[in-house]
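# Commentary on secondary and tertiary structure
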Amino acid sequence: MPVLENIKIALQALNSNKLRAILTTLGIIIGVAAVVAVVSVVQGLSFMITSQLQEAGADFIIVVPNRPRGEAGEMLGRIELTYEDGLAVNEKAPEVKDFSPLLQRRATVKFSDEHTFTYILCTSASFQEINNHYVDRGRFLTKLDNDHRKKVCVLGTKVVEDLGIKGNPLGKGVSIRKLSFTIIGVLEERGQALGQNADDVCIIPFNTSRLLFGEEASRSLVLYFRAKSAENIDLAKEQITEVLRKQHSLKSGQPDDFLVLLQQDLLERINTILGSVTAVVAGIVGISLVVGGIGIMNIMLVSVTERTREIGIRKAVGAKRRDIIFQFLVEAIILSLVGGTIGIVFGYTLGVIVTRFIPQLPPAHVPLWAVGLGFGFSTLVGLFFGIYPAARAGKLDPIEALRYE
Amino acid sequence: MLINLSNINKIYKMGLTEIRAIDGVSMEVEPSEYIAIMGPSGSGKSTLMNLMGCLDTPTSGSYILNDMEIAHLDDDKLAEIRNKEIGFVFQTFNLLPRANALQNVELPLIYSNISARERRKRALHALEVVGLKDRVNHRPNELSGGERQRVAIARALVNSPSILLADEPTGNLDSKMGEEIMQVFDRLYEQKNTIIVVTHEEHIARHTKRVIKLLDGKIISDESQE
Ligand SMILES: Nc1ncnc2c1ncn2[C@@H]1O[C@H](COP(=O)(O)OP(=O)(O)OP(=O)(O)O)[C@@H](O)[C@H]1O
Ligand SMILES: [Mg+2]
């Protein structure tokens, strides 16, 4: 018996009981929708993070203070990274090209009557290349600004906006903690990045930060480096480690009290986190697909019983066992595919709505494989849970089936 | 010879007791015969028809249809024979309620892998033979009892079977419609079809040329008539 006939029969049967079909597939709909919604959000996130990290460049290295786990870590004294550490690396590690320290604090910036609570980034001249975020108007910090502890600042566009600065902001003054800073540049607009608005920043020279936050604050920095070439980045990492260990006078048995992060390490870490989120969701979804499958099996058993007489008639005029089995299997698969399709649409819509309403999230992104997965899973569920009812239908004895009231 | 039954038994076991629904029946049917099977309720008429119609298999004995032994074939083989060799008409019509007349008549052809166009052609022809050319798109619940039974006859005919079996085809119809149905069978007989009809009623049996009487699963008389 041709497949097309079976599909026609199945559609007719489902069509005559639409509401029941939809309710039956609710489990599948929810399962597939959950998969697609989560995948679309997670994929959007990972897509954004990956492209942003790649934008920063493959030669980009971050060193952060890090207390090692366990007893060895507890034995160490203060865990800190200083400006001097950075300078030492820049001097002694031949594979390192550029260095800038970063001290990040939140503080209120004032302009006439307006004020805004923003991130103060204290850094040096090379930060704009390392961070790959350049000034649009005016200029960036220079070595001189840093050496002379100049009270100058570079603002992100959001800060300019929030402070209500009209006309050309260059040369105007803002105050941070009662100190007055001259605006020397405005950054190009960037938008959201890694859950933080890259335009909501105020950048000042690193040395000037001591006037604001004291000496103590500048002892726990994040150090940004750039390797001479992306190919030798592992060598650069080794050299940085070596210099910093010497700086911190660590003995050969002691663990590092810092962490050197390469772009690819960051990518890997983020992907591991996103991967485990996806895995947890997949587990939940697996359960809901099983529940959905049992729903389908249940309704197919009802359907087989209701249509016992139809099965008898079909067998009486020559339907073989496999014709009947096939008919009901196709029906079960179509049922779950309908659920899968509704689930995919529903899940994607959900993903779009969620990302629309939470501004920190990037736009939803559904990869083709997730759609394929949705369809594949629903077909499998239909097939698996359809087999038993279909086999029962196929086994019916024609005389008894015809006698069924 | 079209059908040769020899020493057919059908025994139902109900707990400890045995019911001999068919008890050692032997009979022969030649092509183009027109036969009535009569007998009181419970005498085994339906059981015998189901056996001849390959809906059921005998407990013992031999059933040769068209020179082929089919008493002990498996389910799928029997389904094929039902599809190709046998047209069955039931007392309760047994039409698919959601399908229209044409689709109901096409049903056996679907299971013999015949193209959609050919199916339609043959089904329309069969409906014409039973005089239902203008009821093609009606569903069973839009047809009278007699019309429903004629759709069922068209379905039985559509695969040009070797034999038409009708188990009390007029049992659910009033006498006027019953008479109409018998006239359809009369015409089919004139066109050289082989027909076996189960009936309680003398005036229905009078349409046929041979009457077989059953009692307690045994043939008690087998007579030709004019
Ligand atoms: N599946 C079954 N299980 C047990 N006994 C059965 C079964 N089918 C039929 N019988 C018995 O076999 C006997 C013959 O039944 P059958 O249906 O052939 O009679 P019938 O002549 O067609 O009767 P009616 O005129 O009422 O239709 C009856 O005694 C019936 O109870
Ligand atoms: Mg009967």
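Residues numbered from 1 in each chain as written. Chains lettered and ligands numbered in written order. Predicted model: local features only at pLDDT ≥ 70, side-chain atom pairs only at ≥ 80, totals over all residues. Heavy atoms only, no water.

## Digging into the pattern of salt bridges
Note the cut-off: Salt bridge, as used here: a side-chain nitrogen of Lys or Arg that lies within 4 Å of a carboxyl oxygen of Asp or Glu. Elements are defined by DSSP. Helices are runs of H or I of four residues or more, strands are runs of E of two residues or more, and each kind is numbered from the N terminus. Only protein chains enter the accessibility calculation, which uses a 1.4 Å probe. A residue is then buried if its area is under 20% of the maximum for its type, exposed if over 50%, and partly exposed in between.
Evaluation of the coordinates by the stated rule reveals 30 salt bridges over all chains. Close ionic contact of K320 of chain A with E80 of chain B constitutes a salt bridge, the shortest N to O distance being 3.6 Å. Of this pair, K320 of chain A sits in the loop between α12 (308-316) and α13 (321-357) while E80 of chain B sits in helix α2 (residues 75-85), on two different chains. In this structure, D56 of chain B and K10 of chain B form a salt bridge, with 3.2 Å as the shortest nitrogen-oxygen distance. Here D56 of chain B, found in the loop between α1 (45-52) and β4 (60-65), pairs with K10 of chain B, found in strand β1 (residues 3-14); they are 46 residues apart in sequence, far enough to count as distant. Judged by its relative accessible area of 15%, D56 of chain B is buried.

## Here's the deal with the interface of chain B and chain A
What counts is decided by this rule: Residues count as neighbours in contact if any of their non-hydrogen atoms are within 4.5 Å of one another. Buried area counts how much accessible surface, traced with a 1.4 Å probe, disappears from two parts once they are put together, with both parts' losses summed. We define a polar contact as two N or O atoms separated by no more than 3.5 Å, with the added condition that, inside protein, one atom must be a possible hydrogen donor and the other a possible acceptor, whereas residues neighbouring each other in sequence contribute only through side-chain atom pairs. Residues were grouped as follows: Ala, Val, Leu, Ile, Met, Phe, Trp, Tyr, Cys and Pro as nonpolar; Asp, Glu, Lys and Arg as charged; and all remaining residues, including Gly, as polar.
Taken residue by residue, the interface counts 23 residues in chain B and 24 residues in chain A. For the chain B and chain A pair, buried surface summed over both sides reaches about 2100 Å², with 54% attributable to carbon and sulfur atoms. Put simply, chain B and chain A have four salt bridges between them. Note that R119 of chain B and E5 of chain A form a salt bridge whose closest N and O atoms lie 2.6 Å from each other. At the junction of chain B with chain A, the criterion picks out seven residue pairs in polar contact (both at pLDDT 80 or more). Secondary-structure elements contributing two or more residues to the side of chain B that touches chain A are α2 and α3 (101-110) of chain B. With six residues, α2 of chain B is the largest single contributor of residues to the side of chain B that touches chain A. For the side of chain B that touches chain A, the residue count by class is nine nonpolar, six polar and eight charged.

## Looking at the sheet that holds strand β5 (residues 68-69) of chain B
All names here are of chain B. To be explicit about the condition: Here the rule is simple: two strands pair whenever DSSP picks up at least two bridges between them.
Strand order in the open sheet formed by four strands is β2-β1-β4-β5, and the pairing between neighbours is antiparallel. Two strands in the sheet have a free side with no partner beyond their single neighbour: β2 (17-29) and β5. Of the pairings in the sheet, the one linking β4 to β5 comprises two bridges and is antiparallel in character. From the neighbouring strand, I64 faces β5, where its bridge partner is E69.

## Description of the packing of helix α11 (residues 263-306) of chain A against helix α14 (residues 368-395) of chain A
Residues and elements named next belong to chain A. Note the following rule: For helices, the fitted axis covers only the stretch in contact; all axes are lines through C-alpha atoms, and the angles between them, taken along N-to-C directions, range from 0 to 180 degrees. Geometric relationships in this document are graded by angle, where less than 35 degrees denotes roughly parallel, more than 145 denotes roughly antiparallel, 65 to 115 denotes roughly perpendicular, and other angles denote oblique. Each crossing gets its handedness from the near helix: less than a right angle anticlockwise from the far helix is left-handed, clockwise is right-handed.
Packing of α11 against α14 brings their axes to within 9 Å, and their N-to-C directions diverge by 30 degrees. Judged on the interaxial angle alone, α14 and α11 are roughly parallel. In this structure, α11 crosses over α14, and the sense of that crossing is right-handed. Residues L289, V290, G293, I294, M297, M300, L301 and V304 of α11 touch α14, and the partners they reach there are F377, V381, F385, Y388, P389, R392 and A393.

## Some remarks on the sheet that holds strand β8 (residues 195-198) of chain B
Residue and element names in this part refer to chain B. The mixed open sheet is built from six strands, whose spatial order is β6-β7-β8-β3-β9-β10. Sheet topology places β6 (86-89) and β10 (218-224) at the edges, where each strand pairs with a single neighbour. Going across the sheet, the axis of each strand differs from the next one's by a mean of 15 degrees, ignoring polarity. As defined by bridge partners, strand β3 (residues 34-38) adjoins β8 across four bridges and the pair is classed as parallel. Along β8, the bridge assignment pairs Y34 with I195. Here α2 sits on the sheet in contact with β6 and β7 (163-167), set at roughly 80 degrees to β6.

## Some remarks on the packing of aromatic side chains
Residue and element names in this part refer to chain A. The cut-off we apply is this: Note on aromatic pairs: the rings of Phe, Tyr and Trp (six-membered ring only in Trp) are paired at centre separations within 6.5 Å, and the planes decide the class, stacked below 30 degrees, edge-to-face beyond 60, tilted for the rest.
The full count for this structure, using the stated rule, is eight aromatic pairs over all chains. For the pair Y83 and F206, a centre-to-centre distance of 4.8 Å together with 25 degrees between the ring planes defines the contact as stacked. Pair noted here: Y83 is in helix α5 (residues 83-92) and F206 is in the loop between β10 (201-205) and α9 (209-217), with a separation of 123 residues, a long-range link. Judged by relative accessible area, which is 14%, Y83 ranks as buried.

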